[in-house]
Amino acid sequence: MLKIAHNLTQVLNRIQVAAQSCGRKAQTVTLLAVSKTQGAEAIEQAYAAGQRSFGENYLQEALYKIAQLNLLAIDWHFLGPIQSNKTRAIAENFSWVHSLTRENIARRLNTARPAHLQPLNVCIQVNADGEASKAGVSLSEVAALAEHIQQLPRLKLRGLMALPNPANPQPAFTAVAQLQQQLNQDFAWQLDTLSMGMSDDMDLAIKTGSTLVRVGTAIFGPRH
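Since this is a predicted model, take the numbers as computed values, not measurements. (Residues numbered from 1 in each chain as written. Predicted model: local features only at pLDDT ≥ 70, side-chain atom pairs only at ≥ 80, totals over all residues. Heavy atoms only, no water.)

(A) View of the side chain of Arg 24. Looking at the secondary structure, you find Arg 24 in the loop between α1 (2–21) and β1 (30–34). The charged side chain of Arg 24 is buried without a salt bridge, its nearest counter-charge being Asp 192 at 11 Å. Among the polar contacts made by the side chain of Arg 24, one reaches the side chain of Thr 28 at a distance of 3.2 Å. Only 2.8 Å separates the side chain of Arg 24 from the backbone oxygen of Ile 206, close enough to count as a polar contact. Excluding its chain neighbours within four sequence positions, the residues that come into contact with Arg 24 are Ala 19, Val 29, Ile 206, Gly 209, Ser 210 and Thr 211. (Helix = DSSP H or I, 4+ residues; strand = E, 2+ residues; numbered from the N terminus. Buried < 20%, exposed > 50% of the residue type's maximum accessible area, 1.4 Å probe, protein only. Lys, Arg positive; Asp, Glu negative; His and termini not counted. Salt bridge = Lys/Arg side-chain N within 4 Å of Asp/Glu carboxyl O. Polar contact = N/O pair within 3.5 Å; in protein donor to acceptor, adjacent residues only side chain to side chain. Contact = heavy atoms within 4.5 Å.)

Structural data, given as structure tokens:
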């Protein structure tokens, strides 16, 4: 437990330094602990150290851990690709989805979101580099998908998520941050979330405007 608690402190310190370096407050950046491939015990240790938001990529693995840890007040975020037959389980068990890329998936999530829960917070995953091997919506297609999501009452569009080229993430970070500002200006929306930055590039992402960093290795160590 001491190692995970220590790592969390180190990551929070990095967030504070990065935020202060560009005139921001550390509280404007949310830390999402990416717990994919980690066991429930590791999540419990991070929770005991104060972490509350956890991100998972693989649905079956996530559902097992959600059941194991159902007594903890965890804010679960889904980060992986979404298949049509998985939308109900995601809508019922997560409070956030960062990887929305298609209208039909948005409609299915909206239909499946239970009425007793708050609307599902969603981010559109943007493929800002135009890499064919990566999922995500092109910069030019984001506005149309965003307008569609805004019509779905059981979804709440919070912002954009970026998975940039790790060799040169700055162009994608900048393009996605500028696009969100443009959407808020053109449509009078109040998108408040930029899900950008991971263990290796979180400092740069924060300086570019990220409000949520997705950190796994720097907290938990190498993936199992």
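(B) The pairing of strand β5 (residues 120–126), seen in detail. Of all seven residues in β5, seven are buried; the element is thus mostly enclosed. Side chains Leu 120, Val 122, Ile 124 and Val 126 project from β5 onto one buried face, and the interleaved Asn 121, Cys 123 and Gln 125 project onto a second face that is buried too. For strand β4 (residues 96–100) and β5, the ladder comprises three bridges, and the chain directions are parallel. Paired with Trp 96 across the strands is Asn 121, a residue of β5. (Pairing = 2+ DSSP bridges.)

(C) Expanded view of the side chain of Thr 193. With respect to the helices and strands, the residue Thr 193 is situated in strand β7 (residues 193–195). Looking at Thr 193, its side chain comes within polar contact range of the side chain of Asp 192, at 2.9 Å.

(D) Inspection of the environment of Ile 90 at higher detail. Its place among the elements puts Ile 90 in helix α4 (residues 87–93). Residues Ile 90 and Glu 131 lie 41 residues apart in sequence; the distance between their C-alpha atoms is 26 Å. Other than its neighbours up to four places away in sequence, Ile 90 contacts Leu 59, Phe 78, Ile 82, Val 97 and Leu 109.

(E) Seen up close, the packing of aromatic side chains. Per the counting criterion, the structure on display carries three aromatic pairs. Centre to centre, the rings of Phe 54 and Trp 76 are 6.3 Å apart; their planes meet at 45°, and the pair counts as tilted. Here Trp 76 lies in strand β3 (residues 75–78) and Phe 54 lies in strand β2 (residues 53–56), a separation of 22 residues in the sequence. Note on accessibility: Phe 54 and Trp 76 belong to one class, buried. Measuring from ring centre to ring centre gives 5.3 Å for Phe 78 and Phe 94, while their planes differ by 75°; the resulting arrangement is edge-to-face. Linking Phe 78 in strand β3 with Phe 94 in the loop between α4 and β4, this pair joins segments that are 16 residues apart in sequence. Of the two residues, Phe 78 and Phe 94, neither departs from the other in class, the shared state being buried. (Phe/Tyr/Trp six-rings, centres within 6.5 Å; stacked < 30°, edge-to-face > 60°.)

(F) Representation of the pattern of salt bridges in the model. By the definition in use, this model includes seven salt bridges. Taking the shortest distance from any N to any O, the salt bridge between Asp 203 and Arg 14 comes out at 2.5 Å. One end of the pair, Asp 203, is in helix α8 (residues 202–208); the other, Arg 14, is in helix α1, and 189 residues separate them in sequence. Note that Arg 88 and Glu 92 form a salt bridge whose closest N and O atoms lie 3.6 Å from each other. Here Arg 88 pairs with Glu 92, and both are found in helix α4, just four residues apart, close to one helical turn.

Functional significance is not addressed by these values, which are geometric in nature.
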